[in-house]
Every structure is written in structure tokens, then in C-alpha cells.
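# Structure assessment
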Amino acid sequence: MEAIYGIHLRNRIRLLWVCMAVCALSSCRRGKPPPVDGSSAYRFLVAQCEMGPRYPGSDNHKRLQRYLVRRLEEFGANVSLQPFEGILTTGDTLHLVNIIGNYNLGARKRVLLGAHYDTRPYADRDPEPGNRSKPIPGANDGGSGVAVLLEVARMLARAEPPVGVDIVFFDGEDYGREGVPRDYILGSTYFADHLKGYRPYAVIIVDMVGERDAAIPMEGFSKAASSALLEELFAIAGRLGLSTFSREDGVSVIDDHLPFIQRGLPAVDLIDFEYPFWHTLDDTPDKCSAGSLGDVGRVLMEYIWQQE
Ligand SMILES: [Zn+2]
């Protein structure tokens, strides 16, 4: 304090210029990201659930595809579709489509944000045996990840991100039968098999992130394979004081991050797998909250904005 008061006016002006230059070179150049609105994300979750179950082959699945394309276009993304056939171990074929929305296409440095949009065709974890062949509503499992990424897209429409952002809604994540891992994560596997030189420097998957009072731990495969990226995300959550993230070790989950990890890309899965309504008919919007969705969206936006 003392020293500053002692500085000549001309030197004080010089000091001010130096401060401004340092600021321009650091993160304050781009300022803060546009503010994520958890209530808006929650409305995206409800909108999906109002369509009904959205498993591959159903009319609701096609309806959701149209909805996602429309929203991404409305939010200024460069939208493309990646149709493919998912062949199950049973020999059945699913007609699936990954939906892609790009932002800041000119940037070489790119982040992939992914979530599966299909919902499970059977509630095989429902306590009521009679319900286990019915499709799940998929509020948290399917709906929440999409809801967060739609809200992120809505914000990216307001300000161009400092790096390229590719939002990918994966299809065919949750069709497999328990014990047959090959029939899960069909969309992300197909996508990762057809990268054609595309090398995102970070892949962040969001899945089951909407539970009321969610406590997202550090998922096992993410921590083992991509600890630096995971640490960066949890550091942001810590800095923002978000209770939706909990620095504990979580279980390892077969999810859409795995095909990217297997191809040597840094990939993490933000997921709170401790969800009592997982794969039941009770996976409904009332189990989810705007607060959890908003916190996850905030971490993603902060992460994007702190990149150069
Ligand atoms: Zn699931």
C-alpha cells in the first residue's frame, strides 16, 4: 500500500497499463462464460420425458431426433447427422443416428461434449417384475445429459467459445442386456471408429447428472485413464463451490467415454451412478432438479472458457 502511494502519477499510469496488459493476456480477456440457467436445463429434461420413452425403433425416438436437430439449429450450431446400423449380438439390427452440433468450426483445438439420448427399452431393474419388460421414462438416464448439453448449446449461441466445441448426442447407449457389454454404447463406439483425423483434446460425457442432490464422484475409468482432465473439472467445481460434485472415488461404468479412452483420447464420464431409480419406471422428472443440471452445465462452460 505504502509503496503505491509513493509512486509518481506518471508511474502510476504506467503501472495501470502494465496491469491492463497482463489482464488482456490472461483469462480475463474473454471474461466469464454466459450464465447457465438450471431451470432452462430442467425444462429440456421435462420436454424429452413428455414425449414418452425414447428407445431405438420407437416413434418417440424419431420425434426426439427431430427435436434435437431443431434445438441445435435454433442455438446456432452447425448440425450434422451420422446414421449407422447397430448390430446386436442377437443378430438384430438397430437403425441409429448420432446427432452432432459444432461451434467455432474454425478452431483447431476442440472439445467434445457428449450424452446419450436414447432411453432403455426395458425397466429390468424395476422392483415390480411385471414392469421389467416396459420401457423406462429416462428422466435422469438419457434425459439429464441431453438437457445439460442443450442448455450449454443455448449459451454457446450467445458467445463464441474460445475453442471449438462439438456437442454429440449419441444413440444406442442403453439397448444392451445386462451381462452383454458389447450391445451397449453403440453410438459412441461407431463415432470413435470413424474419427477420420478428428482428435478432440478432451472428451467429456455427461450421463445421469440430474438427480436431486446429486453427488457426482470421480468415475473409475475416467480417473485411471484421464486423471488430468478429471482433476481440472473437479477443480472448477471446487472453485465454484458446487455441492453437486463430490471428490470421492466412484464405481467404473461402461459408458460413452470408453471408446475414446480405448483410442487414446483423454475422456471422462461425469455420472452419479448411485441412483435408486436406475432402469426402473420411477426414473421420472420429479427425481431430478434444476440445481444439479445447472451445476454440471456451469462446470462445462467454465471449462470451455478457461481454454485457450
Ligand atoms: Zn441406463
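Residues numbered from 1 in each chain as written. Predicted model: local features only at pLDDT ≥ 70, side-chain atom pairs only at ≥ 80, totals over all residues. Heavy atoms only, no water.

## Focus: the overall build of the protein chain
- Check the secondary structure of the protein chain and you find 10 helices and eight strands.
- Residues classed as buried in the protein chain amount to 56% of the 308 residues present.
- Across the protein chain, the fraction of contacts at a sequence separation of at least 24, relative to all contacts at a separation of at least 6, is 79%. (Helix = DSSP H or I, 4+ residues; strand = E, 2+ residues; numbered from the N terminus. Buried < 20%, exposed > 50% of the residue type's maximum accessible area, 1.4 Å probe, protein only. Contact = heavy atoms within 4.5 Å.)

## Some thoughts on the coordination of the zinc ion
- Distances from the zinc ion to its protein donors, Asp141 (OD), Asp174 (OD) and His279 (NE2), fall within 1.9 to 2.2 Å.
- Positions of the donor residues of the zinc ion along the chain correspond to the pattern D-x32-D-x104-H. In this pair, Asp174 is assigned in the loop between strand 4 (164-170) and helix 6 (186-193) and His279 in the loop between strand 8 (267-270) and helix 10 (290-305), connecting sequence segments 105 residues apart. Each member of the pair, Asp174 as well as His279, carries the same accessibility label: buried. (Donors = N, O, S within 2.8 Å, 3.2 Å for Na, K, Ca; no water.)

## What about the packing of helix 5 (residues 139-156) against helix 10?
- Two elements in contact, helix 5 and helix 10, have axes whose closest approach is 9 Å; the angle formed by their N-to-C orientations is 45°. Classed by the angle they form, the pair helix 5 and helix 10 counts as oblique. When you trace helix 5 past helix 10, the crossing you get is right-handed. Side by side, helix 5 and helix 10 meet where Ser144, Val148, Leu149, Val152, Met155 and Leu156 of the first sit next to Leu293, Val296, Gly297, Leu300, Met301 and Trp305 of the second. (Axes fitted to C-alpha atoms, helices over the stretch in contact; angles between N-to-C directions. Parallel < 35°, antiparallel > 145°, perpendicular 65-115°, else oblique. Left-handed = near helix turned anticlockwise from the far one by under 90°.)

## Here we look at the pairing of strand 8
- The alternating pattern of strand 8 places Ala267 and Asp269 and Val268 and Leu270 on opposite faces, both of which are buried.
- By the bridge criterion, four bridges tie strand 5 (residues 202-206) to strand 8 in an arrangement that is parallel. Bridge pairing in strand 8 places Ile205 opposite Asp269. (Pairing = 2+ DSSP bridges.)

## Regarding the nonpolar core
- Counting 59 residues, the largest nonpolar core has Leu113, Ile167, Phe169, Ile204 and Leu270 as the members making the most contacts within it.
- When residues in this core are grouped by element, the largest group, 10 residues, is from helix 5.
- For Leu270, the contacting residues outside a window of four places in its chain are Ile204, Ile205, Val206, Asp207, Val209, Ile216, Leu230, Leu233, Phe234, Phe245 and Leu300.
- With 17 residues, the next largest nonpolar core counts Ile100, Val168, Phe170 and Ile205 among its residues. (Core = buried A, V, L, I, M, F, W, Y, C linked by side-chain atoms within 4.5 Å.)

## With respect to the pattern of salt bridges
- Inspection of every chain in the model, using the stated rule, returns 11 salt bridges.
- A salt bridge links Glu151 to Arg154, with the nearest nitrogen and oxygen atoms 2.8 Å apart. Here Glu151 pairs with Arg154, and both are found in helix 5, just three residues apart, close to one helical turn.
- Overall, the relative accessible area of 1% leaves Glu151 in the buried class.
- Note that Asp193 and Arg263 form a salt bridge whose closest N and O atoms lie 2.4 Å from each other. With Asp193 in helix 6 and Arg263 in the loop between helix 9 (258-262) and strand 8, the pair connects residues that are 70 residues apart, well separated along the chain.
- Given the relative accessible area of 47%, Asp193 is considered partly exposed.
- Three or more residues are tied together by salt bridges with common partners; here these are Arg120, Asp124 and Asp174. (Salt bridge = Lys/Arg side-chain N within 4 Å of Asp/Glu carboxyl O.)

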